[in-house]
Amino acid sequence: MSDASKKDKITKKDKTMDKAIEKGDFIEIGEILHGKKTGSVSLRGWLAHKRSSGGIQFIILRDPSGFIQCTLSKDIDPKVFDEIEALPIESVIAIDGEARADKRAPSGHEVSIKKVDILFKAEPDWPIVKKKHGPEFLLDKRHLWLRSDKMQAMLRVRSKLIEIARQWLLEHGYIEFQSPIFITAACEGGSTLFPVEYFGRQAYLTQSWQLHAEAAISSIGKIFTLAPSFRAEKSRTRRHLAEYWHLEAEEPFCDLEGTMKMQEQFVSHICQHLAKEMPEQLKLFGRDPKEMLAVKHPLQRITYDEAIEIIKKGGGDIKWGDDLTWVHEKILTKKHKVPFFVYKYPKGVKAFYHMPDPKDPRVTLSADLMAPEGYGELTGGGQRIHDFKQMMKRLKEEKLDPKAYEWYIDLRKWGSVPHSGFGMGIERMLMWILKLEHIRDAIAFPRTLTRHYP
Ligand code: 4AD
Ligand code: MG
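Treat the numbers as computed from the prediction; the structure is a model and nothing was measured.

How each quantity is defined
Residues numbered from 1 in each chain as written. Chains lettered and ligands numbered in written order. Predicted model: local features only at pLDDT ≥ 70, side-chain atom pairs only at ≥ 80, totals over all residues. Heavy atoms only, no water. Salt bridge = Lys/Arg side-chain N within 4 Å of Asp/Glu carboxyl O. Helix = DSSP H or I, 4+ residues; strand = E, 2+ residues; numbered from the N terminus. Buried < 20%, exposed > 50% of the residue type's maximum accessible area, 1.4 Å probe, protein only. Core = buried A, V, L, I, M, F, W, Y, C linked by side-chain atoms within 4.5 Å. Patch = residues over 30% accessible without salt bridge, like charges linked within 9 Å, V, L, I, M, F, W, Y side chains within 5 Å. Areas by Shrake-Rupley, 256 points an atom, 1.4 Å probe, with all protein chains shown as cover. Contact = heavy atoms within 4.5 Å. Pairing = 2+ DSSP bridges. Axes fitted to C-alpha atoms, helices over the stretch in contact; angles between N-to-C directions. Parallel < 35°, antiparallel > 145°, perpendicular 65-115°, else oblique. Left-handed = near helix turned anticlockwise from the far one by under 90°. Nonpolar A, V, L, I, M, F, W, Y, C, P; charged D, E, K, R; others polar. Phe/Tyr/Trp six-rings, centres within 6.5 Å; stacked < 30°, edge-to-face > 60°. Lys NZ or Arg CZ within 6 Å of the ring centre and 35° of its normal. Near = heavy atom within 4 Å. Polar contact = N/O pair within 3.5 Å; in protein donor to acceptor, adjacent residues only side chain to side chain. Arc of directions from axis to C-beta.

Visitor: Is there a simple way to explain the pattern of salt bridges in this structure?
Guide: Oppositely charged side chains can form a pair if their charged atoms are brought close together. Counted by the stated rule, this structure contains 33 salt bridges. One salt bridge connects Glu309 with Lys312, and the closest N-O pair in it is separated by 3.7 Å. You can see Glu309 and its partner Lys312 sitting in helix H11 (residues 304-313), three residues apart, about one turn around the helix. A residue is classified by how much of its surface remains accessible, and Lys312, at 39% relative accessible area, is partly exposed. The shortest N-O distance in the salt bridge between Asp368 and Lys350 comes to 3.0 Å.

Visitor: What should I look at first to understand the nonpolar core in this one?
Guide: The nonpolar side chains of a soluble globular protein tend to be buried, and buried together. In this structure, Phe266, Tyr405, Met429, Trp432, Ile433 and Leu434 are the most contacted members of the largest nonpolar core, which totals 69 residues. Considering each element in turn, this core owes the most residues, ten residues, to helix H6 (residues 149-171). Of all hydrophobic cores here, the second largest spans 20 residues; its members include Leu43, Leu47, Ile68 and Leu87.

Visitor: Looking at this model, I keep getting lost on a nonpolar patch on the surface. Mind explaining?
Guide: On the surface, Phe182, Tyr198 and Phe199 cluster together to form a nonpolar patch covering roughly 360 Å² of accessible area. In this structure, Tyr198 sits in strand S8 (residues 194-198).

Visitor: Even after reading the chapter, I still don't get the side chain of Asp357, so can you show me in this structure?
Guide: The topology assignment puts Asp357 in strand S14 (residues 356-357). Sequence-distant contacts of Asp357, defined by excluding residues within four places in its chain, comprise Lys344, Val363, Thr364 and Leu365.

Visitor: Would you explain the sheet that holds strand S17 (residues 376-383) in this entry?
Guide: What links the strands of a sheet is backbone hydrogen bonding, and the strands pair in either a parallel or an antiparallel sense. The strand order across the open sheet formed by eight strands is S6-S10-S11-S18-S17-S16-S13-S12, and the pairing between neighbours is mixed. Sheet topology places strand S6 (175-176) and strand S12 (300-303) at the edges, where each strand pairs with a single neighbour. Of the pairings in the sheet, the one linking strand S10 (residues 223-230) to strand S11 (residues 243-252) comprises eight bridges and is antiparallel in character. Bridged to Leu226 within S11 is Leu247.

Visitor: Help me out: how do you make sense of the packing of H6 against helix H8 (residues 256-277) in this one?
Guide: Each pair of packed helices can be described by the angle between their axes along with the distance between the axes. Two elements in contact, H6 and H8, have axes whose closest approach is 10 Å; the angle formed by their N-to-C orientations is 135°. On the basis of their axis angle, the class for H6 and H8 is oblique. Note that H6 runs across H8; the crossing there is right-handed. Of the residues in H8, those touching H6 at Val157, Lys160, Leu161, Ile164, Ala165, Trp168 and Leu169 are Met262, Gln265, Phe266, His269, Ile270, His273, Leu274 and Glu277. In the contact of H6 with H8, the residues fall into ten nonpolar, three polar and two charged.

Visitor: Any chance you could explain the sheet that holds strand S1 (residues 39-53) here in plain terms?
Guide: In space, the five strands of this closed barrel follow the order S1-S2-S3-S5-S4, with mixed pairing throughout. Across the sheet, the mean angle separating the axes of adjacent strands is 55° when strand polarity is ignored. Where strand S4 (residues 92-101) and strand S5 (residues 109-120) come together, ten bridges link them in antiparallel fashion. Directly across from Val92, in S5, lies its bridge partner Phe120. In this fold helix H3 (residues 78-85) packs onto S1, strand S2 (56-63), strand S3 (66-73) and S5, with an angle of close to 60° to the strand it touches most, S2.

Visitor: Looking at this structure, I do not really get the packing of aromatic side chains. What am I missing?
Guide: Any two aromatic rings considered together are summarised by their centre-to-centre distance and by the angle between their planes. Counted according to the given criterion, the structure contains twelve aromatic pairs. Ring centres of Tyr304 and Trp320 lie 5.8 Å apart, and the angle between their planes is 90°; on these two criteria the pair is classed as edge-to-face. Residue Tyr304 is located in helix H11, and its partner Trp320 is located in the loop between H11 and helix H12 (326-333); the two are separated by 16 residues in the primary sequence. Residue classification places Tyr304 among the buried residues on the basis of a relative accessible area of 0%. Assessed through its relative accessible area of 35%, Trp320 is described here as partly exposed. What links up through ring pairs into an aromatic cluster is the set Phe352, Tyr353, Tyr405, Trp407 and Tyr408. The ring of Trp320 has Arg362 lying over it, and the distance from NZ or CZ to the ring centre is 4.4 Å. Across from the ring centre of Tyr408, 4.2 Å away, lies the NZ or CZ of Arg412, which sits over that ring.

Visitor: Help me understand the site of ligand 1, please; the structure alone is not making it clear to me.
Guide: Lining the immediate environment of ligand 1, one finds 25 residues, of which Glu188, Gln210, Glu248, Glu377 and Leu378 sit closest. Here a nitrogen atom of ligand 1 and a side-chain polar atom of Glu233 are 3.1 Å apart. Between ligand 1 and the protein, one listed contact pairs a nitrogen atom with a backbone N or O atom of Phe422 at 3.3 Å. Taking 620 Å² as the accessible area of ligand 1 by itself, protein coverage stands at 95%.

Visitor: For this particular structure, what's the right way to read H11?
Guide: Within H11 the residues assigned to the buried category are Tyr304, Ala307, Ile308 and Ile311. Down the axis, H11 shows its buried residues gathered within 100° of arc, on one side only. Of the residues flanking the end of H11, it is Gly315, one or two places downstream, whose phi is positive at about 95°.

Visitor: Teacher, can you tell me more about unusual backbone geometry here?
Guide: Residues apart from glycine generally show negative phi values, whereas peptide bonds are mostly found in trans. Cis geometry is found at the peptide bond from His297 to Pro298, where omega equals 0°. With respect to the helices, strands and loops of the structure, Pro298 is situated in the loop between helix H10 (289-293) and S12. With omega at -5°, the peptide bond leading from Tyr453 into Pro454 counts as cis. Note on placement: Pro454 falls in the segment after helix H15 (426-433).

The analysis is restricted to geometry; functional conclusions fall outside its scope.
Spelled out as structure tokens, the structure:
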């Protein structure tokens, strides 16, 4: 092909694409699926699947709102028919046609095509073929696998969950506040810090917004954030990411009881609304929306001491003072149907900032919210030490260098009040709500011990 004719072909294709972008009368597939539109329609989308039978092609067209079966008859135009027959999966087409309800079609609706334009001809070798692929292959091809129905549904539920959460927080007077990602000292223990070189000095990626949030509550009061947190988790588990989205809240004049009350209202609100707004997506994952409607505050509370006894009775190998691993939490939560709190963990398993219980200094005024059905920890939080001397004592006990926490300690010198807060892993919430086997399927591009591609 000469350069001139090559150019001609490209311009021609681009012109069709321009038309598709400019044309105002395209509707979304979802409008047909929800019965809002029948009769004459224009659609544009990706060719998800096709087969031929007896002079008719059955094309499954996908757009961001859904999938629909379209039929193309050879009678319309044999040349176009052959072109479409040869068109690879994930090509993009625009169609004009007649939409109608049809019980035989996979989605209960069908469009018979009157006119079709090819907007983008895909390469012939779409890598995700029908045969079952292993999880690693699909993770390597995540940039393409995102188009699958389950990934689509997860991304929609994820967005809705965040929308509901943010709305509730704003309506309840929490102000959104951002803290730095580059930090100089650990919030949640040194073993999971990600070191980074910072202009010749040592810095780390943040594990939590909390320490800086404690500075901001004396300025603007009740606050929240949604930001990535980083954990160099060296163990391979189904519920740990190296980078996850962390929803955190912090509140002055608030004790352990206060944060547990707030969390149970907040979490039940999220569950109720997801059940009402996303029932179809939940069902796709085998989650009955009724199970989410059953999450109502107040939620049950059990002490750490009680939790240890339950885990022991359930066959878990644990003694008082041990942290709860995911194996323990699995035993603890498997018979529960809705989330519940475990509170008053021993000092030894919680970070330095947790307030020791004045009634029993062996334990802290801390609480984790547990997801039921074997999923385990959803949130971690509690009341913080607000007293200067007590903070210095705890830093010393934990063998942490007060110099590294100088600015944080300062907060205990001027106007320090009882305050509490918590952090919730967005992917942990999704993992439970969507009954996922692995946390990596609750985020578009997971970062784990073994993966930071694509
Ligand atoms: O329990 P964590 O470590 O608590 C904190 O970071 C507190 N500073 C939060 C606060 O009080 N503001 O983490 C909080 C939550 C956990 O309950 C879990 O849901 C999630 O963050 N999380 C993770 N999610 C995915 N991958 C990981 N590696 C996670 N580590 C914690
Ligand atoms: Mg925790």
